[in-house]
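# Structural description and commentary
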Amino acid sequence: MEDLTYKRTNANNVADSAEREAINAYAEGYKAYLDAGKTERETVSETVAMVEAEGYRPYELGAPIHPGDKLYYNNRGKSLFLLRAGTASLAENGVRILVAHVDSPRLDLKQVPLYESDNIAYLKTHYYGGIKKYQWLTIPLALHGVIVKKDGTVVDVCIGEDENDPVFYITDLLPHLSQEIMPKSVREAFPAENLNIIVGGVPVEGEEKDGVKKNVLRYLNEAYGISEEDFLSAEIEAVPAYKAKDVGFDRAFIASYGHDDRVCAYPEVTATLQTETDQTVLTILADKEEIGSEGNSGMQCIIIQDLLDCIAASYGVNPALLRAKSKCLSADVTAAFDPNYKSAFEYMNATLAGHGVAMTKFTGSGGKSGSNDASAEYIGYLRGVFARDNVVWQTGELGRVDLGGGGTVAKFLAHYNIDTVDVGVPVLSMHAPYELIAKVDVYQAHKAFAAFIK
Ligand code: MN
Ligand code: MN
């Protein structure tokens, strides 16, 4: 009898030795991409360098776009739009849109961050995105970002990544003295205002009051030419100082900061650069997803419509028709089933690490609240696309119904009358300082995105 059952496929089992080699080679490129970009700004810069090497050049809003053009639009250094102008009819096919985000949960410095307490200098932080605060204690932190001076000069900061750099540190209370803290809820035990980063301990000679703080300011002035006031117009992000590493005797996994969502951004970019296609492709690296896609670098910004309008005008296609015919993969991570926390998931509809790229029909919470909920017709179409190129993929919800939830940028693309569904890599320990993904899954994401834009 024909087997009529649906089963998930372990993507490692269907890889022959040639594909196994390709998976491992692809993972090396991905790890280098992770280490080169730990903030949205750095990942945008890194990607611009990658695409310029492939002949992409900057696009001015309103400039004509010709079939064959390879362009990029760098939005304030924080989000990036890659445009491959194709020869296929836009009135029939629209634009193939891939969108991932390149901001990740982290600790941002406050605008007045520096103080001294009991001969230790600290920087105050305000966390960005959804974090479990205790995970950020007692780990090596690096500081990345920009300081913009009154005269407009931009000073780049990156300290803690080089082997010889110092790192930064947030303390935790020793277990011996934690009797009062232990019974508290995690939320109460780890208040956000305790996320203060140690940055110095040696006072300026002869300075009784705030000598350590003054010494830090002296260092900052020598290294960056700044004074305390310059923090007012700075964006400095404290991120884990870890490098991406293989995990396991068989090196099946990669641990890194910021898989969410570089693990989708990287395959988007590689698929865009390496796939032969006559379609017009718009590949987006967005900012601000972790705080609701707000602001002019987030996916709620009208720049996406402006760019689609520029394409429509250049090709002489009605912009409404172009949007209606366009298709989008909202490439974002989903939660991989964690055998240590089985009850958080519903196994049949959970995604498994190593079982390929995941398609999430709907995100949101409760009764699918806040979800895009892609149509059966669109998912049926994508099943055909993925089957044609032997993409190993699985379906999956974020977790057990009513346990929590989360959103992605999908609904902001759907708002423009564009068919959109979430497709991304399952992640273990999502939003932790050091997240885990299976190598074979990021490779399958590349295959999925390549199949989609063909
Ligand atoms: Mn994400
Ligand atoms: Mn996230």
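What follows covers the sheet that holds strand 16 (residues 357-360). Each strand in a sheet pairs with its neighbour through backbone hydrogen bonds, running either in the same direction (parallel) or in the opposite one (antiparallel). Strand order in the open sheet formed by nine strands is 1-2-3-13-4-14-20-16-18, with mixed pairing between adjacent strands. Here the strands that pair on one side only, and so sit at the sheet edges, are strand 1 (57-58) and strand 18 (393-395). The pairing of strand 1 with strand 2 (residues 70-75) spans two bridges and is classified as parallel. Across the sheet, R57 pairs through a bridge with L71, a residue of strand 2. The strands touched by helix 6 (residues 259-274) within the sheet are strand 3 (79-84), strand 4 (95-101), strand 13 (280-286) and strand 20 (419-424), with strand 4 carrying the most contacts at an inclination of about 150°.

This structure, assessed with the given rule, holds 13 aromatic pairs. With a centroid separation of 4.6 Å and an interplanar angle of 55°, the aromatic rings of Y242 and Y434 are classed as tilted. One end of the pair, Y242, is in the loop between strand 10 (234-240) and strand 11 (245-247); the other, Y434, is in the loop between strand 21 (426-427) and strand 22 (435-438), with 192 residues separating them in the sequence. For Y434, a relative accessible area of 29% corresponds to the partly exposed category.

Glancing now at the coordination of the manganese ion (ligand 1). Protein-derived coordination of the manganese ion (ligand 1) comes from H101 (NE2), D260 (OD), D332 (OD) and D332 (OD), at a distance range of 2.1 to 2.7 Å. For the manganese ion (ligand 1), the donor residues sit on a single chain with the sequence spacing H-x158-D-x71-D. Between the manganese ion (ligand 1) and the manganese ion (ligand 2), both coordinated by D260, there is a metal-metal distance of 3.3 Å. Of this pair, H101 sits in strand 4 while D332 sits in the loop between strand 14 (327-330) and strand 15 (334-335), and the two are 231 residues apart along the sequence. Across this residue pair, the class does not change: H101 and D332 are buried.

Now for the pairing of strand 5 (residues 106-117). In terms of strand pairing, strand 5 meets strand 6 (residues 120-128) through eight bridges, oriented antiparallel. From the neighbouring strand, D108 faces strand 6, where its bridge partner is H126. Taking the residues between adjacent antiparallel strands as the criterion, strand 5 and strand 6 are bridged by two residues, where D118 takes a positive phi near 50°. For strand 5 and strand 10, the ladder comprises two bridges, and the chain directions are antiparallel. Residue pairing for strand 10: D108 is matched across the bridge by E237.

For the structure shown, the criterion picks out 24 salt bridges. Two residues, E193 and K124, come together in a salt bridge whose shortest N-O distance is 3.4 Å. Linking E193 in the loop between helix 4 (186-189) and strand 9 (197-200) with K124 in strand 6, this pair joins segments that are 69 residues apart in sequence. According to the relative accessible area criterion, E193 is partly exposed, its value standing at 43%. Residue D389 pairs with K454 through a salt bridge whose shortest N-O separation is 2.7 Å. Residue D389 is found in the loop between helix 9 (376-388) and strand 18, and its partner K454 is found in the segment after helix 11 (439-453); the two are separated by 65 residues along the sequence. Classification of D389 as partly exposed rests on a relative accessible area of 24%. What emerges from the salt-bridge pattern is a single network uniting E28, K31, D246, R251 and K439.

So, about the coordination of the manganese ion (ligand 2). The coordination sphere of the manganese ion (ligand 2), as far as protein atoms go, consists of D260 (OD), E290 (OE), E290 (OE) and H431 (NE2), spread over 2.0 to 2.6 Å. Between the donor residues of the manganese ion (ligand 2), the gaps in sequence give the motif D-x29-E-x140-H.

It is worth spelling out the packing of helix 2 (residues 40-52) against helix 6 at this point. Close contact between helix 2 and helix 6 brings their axes to 11 Å; oriented N to C, the two are set at 15°. Comparing the axis directions of helix 2 and helix 6 gives the class roughly parallel. Once helix 2 is placed against helix 6, the crossing between them reads as right-handed. The residues of helix 6 that touch helix 2, namely those facing E40, T43, T47, M50 and V51, are R262, Y266, V269 and L273. Each residue belonging to the contact of helix 2 with helix 6 can be placed in one class, and the counts come to five nonpolar, two polar and two charged.

Attention now goes to the environment of I302. As for its placement among the helices and strands, I302 is situated in the loop between strand 13 and helix 7 (303-315). With 68 residues separating them along the chain, I302 and A234 place their C-alpha atoms 25 Å apart.

The subject of this paragraph is the domain arrangement of the protein. Taken domain by domain, the protein consists of domain 1 (2-104 + 257-453) and domain 2 (106-240). On a C-alpha basis, the centres of domain 1 and domain 2 stand 33 Å from each other. For the domain 1 and domain 2 pair, buried surface summed over both sides reaches about 1,300 Å², with 50% attributable to carbon and sulfur atoms. Linking domain 1 with domain 2 are four salt bridges. Where K78 meets E235, a salt bridge forms, and the shortest distance between an N and an O atom there is 3.1 Å.

Pairing is antiparallel across the open sheet formed by six strands, whose spatial order is 8-7-10-5-6-9. What marks the edges here is a single partner per strand, and that holds for strand 8 (154-159) and strand 9. Neighbouring strand axes in the sheet, compared pairwise and without regard to direction, differ in orientation by 30° on average. Here helix 5 (residues 211-224) sits on the sheet and contacts strand 5, strand 6, strand 8 and strand 9; the angle it forms with strand 5, its principal contact strand, is near 125°.

Scoring rules and cut-offs
Residues numbered from 1 in each chain as written. Chains lettered and ligands numbered in written order. Predicted model: local features only at pLDDT ≥ 70, side-chain atom pairs only at ≥ 80, totals over all residues. Heavy atoms only, no water. Pairing = 2+ DSSP bridges. Helix = DSSP H or I, 4+ residues; strand = E, 2+ residues; numbered from the N terminus. Contact = heavy atoms within 4.5 Å. Axes fitted to C-alpha atoms, helices over the stretch in contact; angles between N-to-C directions. Phe/Tyr/Trp six-rings, centres within 6.5 Å; stacked < 30°, edge-to-face > 60°. Buried < 20%, exposed > 50% of the residue type's maximum accessible area, 1.4 Å probe, protein only. Donors = N, O, S within 2.8 Å, 3.2 Å for Na, K, Ca; no water. Salt bridge = Lys/Arg side-chain N within 4 Å of Asp/Glu carboxyl O. Parallel < 35°, antiparallel > 145°, perpendicular 65-115°, else oblique. Left-handed = near helix turned anticlockwise from the far one by under 90°. Nonpolar A, V, L, I, M, F, W, Y, C, P; charged D, E, K, R; others polar. Domains from an automatic or database assignment. Buried area = accessible area lost by both parts, 1.4 Å probe.

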